[in-house]
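So you can see what is in the structure, the chains are spelled out below.
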Amino acid sequence: MGLRLNAHAKINLTLDVLGRRPDGYHEVEMIMQSIGLHDTLELEYKPKEIVLTVSGVPVTAGQDNLVLKAARLLQQQAGPEAGAIIHLHKEIPVAAGLAGGSSDAAAALRGLNRLWNLGLREEQLMKLAARLGADVSFCLLGGTAIARGVGEILTPLPPASRFGVVLVKPAFGVSTAEVYRGLDLAKLGRRPDTSAMTGALQKGDLDLVAANLCNVLESVTLRLHPELQAIKERLQEAGCRGVLMSGSGPTIFGLTADEKTAGEIARRLNLPGCQVLATGMV
């Protein structure tokens, strides 16, 4: 009997970098939000062997794939007899700031825990998630949450209103490491106000949420890729109520009152070379 799981993308409603840690990572504070856009994982039991196949958006099925890394990490708990055939269908753009790989890894942890009847509790899965990558912990939790530390210290927030989301992913990807290298903490302008955004989300006030959107990494990525500023302006002109870059980019998202409005705006947008998607918060 197989399992099928959805692995949801995320956007950052806020992203602040507080400083560099002794281990070389950056201390962050951000509000993260799951969205409807998702990949799909199908899992079937297979003794001893872990096999990964991929369809949809092209990604490697080799050892660098986070799904395989998650499966091998969990296999250490399950024992060598545990194995699986995993099929990953990709819909989330790659190297986009949407945590597609992290979400796939989180779904693999959750699914294989069930497939192998391991009975690991949420906090045990969270510890494994933190070993796989900064966004994997949030993707395991899902919903709306404040993330601190390197992203692994999570404070769940009440579910946000089901605002619509228009995503614009340019043809190029962005290196997160390069963006962080280009960040000058002494020269940051506006910083996110986490408590103000939390309050705006609790009120369900889209204009207040839009006013508090802030991502300090934008200053670096927009400098490296000035065409992203033009995409932001196009989304605002098209009727999005708030526009921001997600993560280290390059995906730009715009918020709307609901998913239907997001779909109408996405259909009207003409951005050659870009992938334009409509979804909503979940």
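Up top you'll find the structure we're talking about.
Residues numbered from 1 in each chain as written. Predicted model: local features only at pLDDT ≥ 70, side-chain atom pairs only at ≥ 80, totals over all residues. Heavy atoms only, no water.

A.B. asks: Describe the layout of surface pockets, and please don't skip the residues or the numbers.
C.D. replies: Estimates place the volume of the largest pocket at around 1,100 Å³. Contributions of two or more residues to the lining of the largest pocket are made by strand S1 (3-20), strand S2 (26-45), helix H1 (66-78), strand S4 (84-90), helix H2 (100-115), helix H3 (122-132) and helix H5 (176-181). In this structure, the second largest pocket occupies an estimated 180 Å³ of space. Lining the second largest pocket are 14 residues, with Asn6, Ala7, His8, Cys139 and Leu140 sitting closest to its centre. Looking at the lining of the second largest pocket, the elements with two or more residues in it are S1, H2 and helix H4 (136-141). Among the residues making up the lining of the second largest pocket, the classes are represented as seven nonpolar, six polar and one charged. (1 Å grid on protein atoms, 1.4 Å probe; cavity = no way out; pocket = protein on both sides within 12 Å on 5 of 7 lines; lining within 4 Å. Points joined across faces, edges and corners; volume = space filled by probe spheres on them. Helix = DSSP H or I, 4+ residues; strand = E, 2+ residues; numbered from the N terminus. Nonpolar A, V, L, I, M, F, W, Y, C, P; charged D, E, K, R; others polar.)

A.B. asks: Give me the lowdown on unusual backbone geometry, citing residues and values where you can.
C.D. replies: Excluding glycine, a negative phi dihedral is what most residues carry, and trans is how most peptide bonds are arranged. For the bond from Gly249 to Pro250, the omega torsion is 5°, close enough to zero to count as cis. Within the secondary structure, Pro250 is located in the loop between strand S9 (242-245) and strand S10 (252-256). Unlike most non-glycine residues, Lys48 shows phi in positive territory, near 70°. Among the secondary structure elements, Lys48 is positioned in the loop between S2 and strand S3 (50-56). With a phi angle near 50°, Ala95 is a residue other than glycine that sits in the positive phi range. With relative accessibility at 40%, the residue Ala95 sits in the partly exposed group. (Buried < 20%, exposed > 50% of the residue type's maximum accessible area, 1.4 Å probe, protein only.)

A.B. asks: Explain the side chain of His26 residue by residue, including any values.
C.D. replies: Its place among the elements puts His26 in strand S2. Leave out the neighbours within four places in its chain, and His26 touches Val17, Gly19, Arg20, Arg21, Gly149, Val150 and Tyr180. (Contact = heavy atoms within 4.5 Å.)

Shape descriptors only; they carry no functional weight alone.
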